[in-house]
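# Fold and geometry: a report
This is what each chain is made of:
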Amino acid sequence: MPWSEWIRTVEVEPSLYAADFSILGEQIEALLRTGCRIFHFDVGDGHFVEPITMGPIVLQSISGLIHRFDGAIDVHLMVENPAKYFEPVAAAGGDSVTFHFEAVDDVVATVRAAREQELQVGIAFNPETEPEPVAAVADGVDLVLCMAIHPGYSGQEFMPETIDRVRRLKAALPDGVLVQVDGGVGADNIRSIYDAGARLLVAGSAIFKREDLPRAYRRLVQALA
């Protein structure tokens, strides 16, 4: 199923990297029942980023629950050689993969490899990378992820210059390619990020570091109203 069928006008995506893994299923179900549709799933390999995070085993353990609620799992690969992850991610129930522009030599071939696994696909880029070169190779992808922090660790503060980078990215992208922002997204800045052109808004600490997860999710959605 394509992104065009998952996304409503805009989607707030809870970032599972910030979740409490001792009650991961409970937290996911609470958010699904609140109306959450898309979950962001970070994979770090200890090379492209320092932390080793979640992988296909965790993905497989939650994908059935999310899909039963007609949700989708957006897998962010913060890894070297992302193409080797596409088949395991697809087998574990991932719906979309996003690889880093900085991690590959051939964007077109990497996109093709993801499509061969019947995955939706996106390109991410780090704060040090300019938006225009990424937009220039984004024809045929579903989304481009503008990192608002340095990838790898949850809880970092949002970089204010991201707003201008999102505007530039949106202006340079082909029609129909979604803009996603990840890192430091919260109730105080989510509307500005949306106004700059992003329609996929990844939030970790702003949801999972709150006592009442459904309320925290609703607060972000309401900030976009």
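The structure reproduced in this document is the subject of the present report.

Criteria and cut-off values
- Along each chain, residue indices are assigned from 1 in the same order as the chain's sequence is written.
- The model is predicted, so local features are restricted to residues of pLDDT at least 70 and side-chain atom pairs to those at 80 or more, both for listing and for counting; the totals for chains, interfaces and linings are taken over all residues.
- Values shown for side chains rest on all heavy atoms present in the structure; no hydrogens or waters enter the calculation.
- Here the axes come from fitting lines to C-alpha atoms, over the contacting stretch only for helices, and the angles between their N-to-C directions go from 0 to 180 degrees.
- Note on conventions: DSSP H or I runs of at least 4 residues are helices, E runs of at least 2 residues are strands, and numbering of each starts at the N terminus.
- Angular relationships are summarised with four words: roughly parallel below 35 degrees, roughly antiparallel beyond 145, roughly perpendicular across 65 to 115, and oblique for the angles in between.
- In this scheme the handedness of a crossing depends on how the near helix is turned from the far one: anticlockwise by less than a right angle means left-handed, clockwise means right-handed.
- Two residues form a contact once any of their heavy atoms are found within 4.5 Å.
- Think of it in three bands: residues with accessible area under 20% of the maximum for their type are buried, residues over 50% are exposed, and the middle band is partly exposed, with areas taken using a 1.4 Å probe on protein chains only.
- Pairs of N or O atoms within 3.5 Å make up the polar contacts considered here, provided that, within protein, one atom can donate a hydrogen while the other can accept it, and that residues adjacent in sequence are counted only when both atoms are side-chain atoms.
- Whenever a carboxyl oxygen of Asp or Glu lies within 4 Å of a side-chain nitrogen of Lys or Arg, that contact is scored as a salt bridge.
- Working note: the arc is built from the helix axis to C-beta atom directions.

Turning our attention to the packing of helix α2 (residues 24–34) against helix α3 (residues 56–68). In contact at an axis separation of 10 Å, α2 and α3 are set at 30° when each is read in the N-to-C sense. As the angle between them shows, α2 and α3 are arranged roughly parallel. Seen along the crossing, α2 lies across α3 with a hand that is right-handed. Together, L24, G25, I28, E29 and L32 of α2 and V58, I62, L65 and I66 of α3 make up the contact between the two elements.

Position of T129 among the secondary structure elements: in the loop between β5 (120–125) and α6 (131–135). For T129, a relative accessible area of 14% gives the class buried. Beyond its immediate chain neighbours, meaning those up to four positions away, T129 contacts F101, E102, V134 and R165.

Following the sequence through the fold, S22 ends up in the loop between β1 (11–14) and α2. You can call S22 exposed: its relative accessible area is 63%. Here the side chain of S22 touches D20 through a polar contact of 2.7 Å, side chain to side chain.

We now examine the pattern of salt bridges. As enumerated under the stated definition, the model contains six salt bridges in all. Note that E132 is salt-bridged to R168, the shortest N-O span being 2.8 Å. In this pair, E132 is assigned in helix α6 and R168 in helix α7 (residues 162–172), connecting sequence segments 36 residues apart. For R191, the salt bridge goes to D195, with nearest N and O atoms at 3.1 Å. Highlighted residues: R191 and D195, both in helix α8 (residues 190–196), separated by four residues, approximately one helical turn. For R191, a relative accessible area of 33% translates into the label partly exposed. Look at D195 and you get exposed, because its relative accessible area is 52%. When salt bridges with common partners are traced through the structure, they connect E130, E132 and R168 into a single cluster.

Okay, α2 next. Within α2, burial applies to L24, Q27, I28, L31 and L32. Buried residues along α2 cover an arc of 135° about the axis, so they all sit on one side. Projecting away from the buried face of α2 at angles above 90 degrees are the exposed residues E26 and R33. Residues of α2 that are buried make contact with β1, β2 (38–44), α3, α9 (205–208) and α10 (213–223). Positive phi appears at G35, one or two residues downstream of α2, with a value of about 120°.

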